[in-house]
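# Results of the structural survey
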Amino acid sequence: MEKIAQYFAIEGYVTDVRPLGNGLINDTYLVSASEGKRYVLQRINHAIFKDVDLLQRNIAYVTAHIRAKLTAAGENDIDRKVLRFIPLKDSQSTYYTDGKSYWRMSAFIEDSVTVETVTPESSYCAGKAFGEFQSMLVDITEPIGETIPDFHNMELRARQLRDAVAKDLVGRCSEPEICAFLSEIDLHIYEMCKAERLHREGILPKRICHCDTKVSNMLFDKSGEVLCVIDLDTVMPSFIFSDFGDFLRSAANTGKEDDADLDNVQFNMEIFKAFAKGYIESAKVFLTPLEIEMLPYAAQLFPYMQAVRFLADYINGDTYYQTKYAEHNLVRTKAQYKLYQE
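Attention here is on the structure that accompanies the text. (Residues numbered from 1 in each chain as written. Predicted model: local features only at pLDDT ≥ 70, side-chain atom pairs only at ≥ 80, totals over all residues. Heavy atoms only, no water.)

## Structural notes on the pattern of salt bridges
Going through the model one piece at a time under the given rule, you end up with 20 salt bridges. Close ionic contact of glutamate 191 with lysine 194 constitutes a salt bridge, the shortest N to O distance being 2.9 Å. With a shortest N-O distance of 3.8 Å, lysine 273 and glutamate 270 are connected by a salt bridge. You can see lysine 273 and its partner glutamate 270 sitting in helix H8 (residues 269-283), 3 residues apart, about one turn around the helix. A relative accessible area of 47% places lysine 273 in the partly exposed class. Its relative accessible area of 46% is what places glutamate 270 among the partly exposed residues. Ionic contacts of the salt-bridge type, sharing partners, join the residues Asp246, Arg249 and Glu257 into one network. (Salt bridge = Lys/Arg side-chain N within 4 Å of Asp/Glu carboxyl O. Helix = DSSP H or I, 4+ residues; strand = E, 2+ residues; numbered from the N terminus. Buried < 20%, exposed > 50% of the residue type's maximum accessible area, 1.4 Å probe, protein only.)

## Side note on the sheet that holds strand S2 (residues 27-33)
Sheet strands pair via backbone hydrogen bonds, and the direction of the pair is either parallel or antiparallel. Read from one edge to the other, the open sheet built from 5 strands follows the order S1-S2-S3-S5-S4, with strand pairing classed as antiparallel. A strand with exactly one partner marks an edge of an open sheet, and here the two such strands are strand S1 (14-19) and strand S4 (96-97). Taken together, the 2 bridges between S4 and strand S5 (residues 102-107) define a ladder with antiparallel strand orientation. Looking at the pairing, threonine 97 lines up with tyrosine 102 of S5. Relative to the sheet, helix H2 (residues 52-72) contacts strand S3 (38-44) and S5, its axis offset from that of S5 by approximately 10°. (Pairing = 2+ DSSP bridges. Contact = heavy atoms within 4.5 Å. Axes fitted to C-alpha atoms, helices over the stretch in contact; angles between N-to-C directions.)

## Thoughts on the nonpolar core
Counting 90 residues, the largest nonpolar core has Met154, Ile185, Phe241, Phe244, Leu248 and Tyr304 as its most contacted members. Once residues lying within four places of it in the same chain are set aside, the contact partners of phenylalanine 241 are Ala195, Leu204, Asp246, Glu291, Met294, Tyr297, Ala298 and Phe302. By size, the runner-up hydrophobic cluster in this structure holds 15 residues, among which are Ala5, Phe8, Ile86 and Trp103. (Core = buried A, V, L, I, M, F, W, Y, C linked by side-chain atoms within 4.5 Å.)

## Brief notes about helix H3 (residues 120-137)
For H3, spanning 18 residues, the distance from its first C-alpha to its last is 26 Å, which sits close to the expected 26 Å at 1.5 Å a residue. Buried within H3 are the following residues: Ser122, Ser123, Ala126, Gly127, Ala129, Phe130, Gly131, Phe133, Gln134, Ser135 and Leu137. Its buried side turned inward, H3 meets H2, strand S6 (207-209), strand S7 (218-220), strand S8 (226-229), helix H7 (241-251) and H8. (Expected span 1.5 Å × (residues − 1).)

## Some remarks on the pairing of S2
The side chains of a regular strand alternate, residue by residue, between the two faces of the sheet. Extensive coverage of S2 is indicated by the burial of 6 of its 7 residues. Two strands pair when backbone bridges link them, and S1 and S2 are joined in this way by 5 bridges, in the antiparallel orientation. From the neighbouring strand, aspartate 16 faces S2, where its bridge partner is serine 32. As paired elements, S2 and S3 share 6 bridges and run antiparallel to each other. Considered in S3, the bridge of serine 32 is made with arginine 38. Hairpin connection from S2 to S3: 4 residues lie between these consecutive antiparallel strands, with glycine 36 at a positive phi of about 85°.

## Considerations on the packing of aromatic side chains
Throughout the structure, instances matching the rule amount to 17 aromatic pairs. Measuring from ring centre to ring centre gives 6.1 Å for phenylalanine 239 and phenylalanine 241, while their planes differ by 35°; the resulting arrangement is tilted. Phenylalanine 241 carries the same exposure label as phenylalanine 239, and that label is buried. Ring geometry for phenylalanine 247 and phenylalanine 275: centres 4.2 Å apart, planes at 10°, overall stacked. In this pair, phenylalanine 247 sits in helix H7 while phenylalanine 275 sits in helix H8, placing the two residues 28 residues apart along the sequence. One exposure class covers both phenylalanine 247 and phenylalanine 275, and it is buried. A cation over an aromatic ring shows up here: arginine 172 above the ring of tyrosine 314, its NZ or CZ 4.1 Å from the ring centre. (Phe/Tyr/Trp six-rings, centres within 6.5 Å; stacked < 30°, edge-to-face > 60°. Lys NZ or Arg CZ within 6 Å of the ring centre and 35° of its normal.)

## Some words on the side chain of histidine 65
Secondary-structure assignment places histidine 65 in helix H2. A distance of 2.8 Å separates the side chain of histidine 65 from the side chain of aspartate 139, its partner in a polar contact. Apart from residues no more than four positions distant in its own chain, histidine 65 is found in contact with Met136, Leu137, Asp139, Ile140 and Glu142. (Polar contact = N/O pair within 3.5 Å; in protein donor to acceptor, adjacent residues only side chain to side chain.)

## Quick word on the pairing of S3
Counting buried positions along S3 gives 5 out of 7 residues, so the element sits mostly inside the fold. Pairing of S3 with S5 involves 6 bridges; the strand directions are antiparallel. Bridging from a neighbouring strand, tyrosine 39 pairs with alanine 107 of S5.

This is the structure in structure tokens:
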């Protein structure tokens, strides 16, 4: 880790490297240097983010645009309000590769904290922060690509489910419970795919969205104010529903994603109201009436989409999501579908 960190144009030399955080995708380390500066070193998971050039170019465009917006607005302490990536010593590239792994480094934002607990207060802050994030990027002119193509495309997820059923690789479609579930899901699939149809009709735009809106993907200062949005790997063109609905899928669920007791799974309206209030306050400067009208659809869409994905994986023989027991993906399907119904 120390050797890799020294490839980047840090101030001084590395004195310490230790693991940081509990992220599930990238490996993250805190690097301390001799000049008193600290940095965040990450190994990029290029099994998920296959085009590292595109990934890092997206992030460079987005952070530069936000920095320019904050500067024009007269903000102070800007280095704590937008991520700053460190180039290599011998080039302007913001990542290093040895041909097997890909690494990047950013400045550590001091006196900042993340939170994991979702409350109406933190949900309001999250809604406002993610709305501001989208608002600052609504006029970006640089080409932002899809780091995970069709990430939140409901039509694609519907096709994947139909393909799984057609192949029925492990013979699970004959189970009466699966037949009943497929019939139930099919009743709503046309309605849940309406965003793609409206986009093709030219009346629903795509925006530059974060696409991974967890409350832990924001940094707060010690007084509880939001400093900046982090984890920018999934920033890409999408419907605004990606940021609105995906947050609520986890944050407003009173149960667990894989709760076997469906009585635990309800939709917390206080979390919804708080997040919606913050989001609309900061995003209303660019939202169209149709986008605002469809925000409740966004809250429905994401548990429905996840139920479809879990069910397709169950029918395929559990090849995508890690499972802990034989019917884990089916239990996940039921829990997410219950949340959709709620």
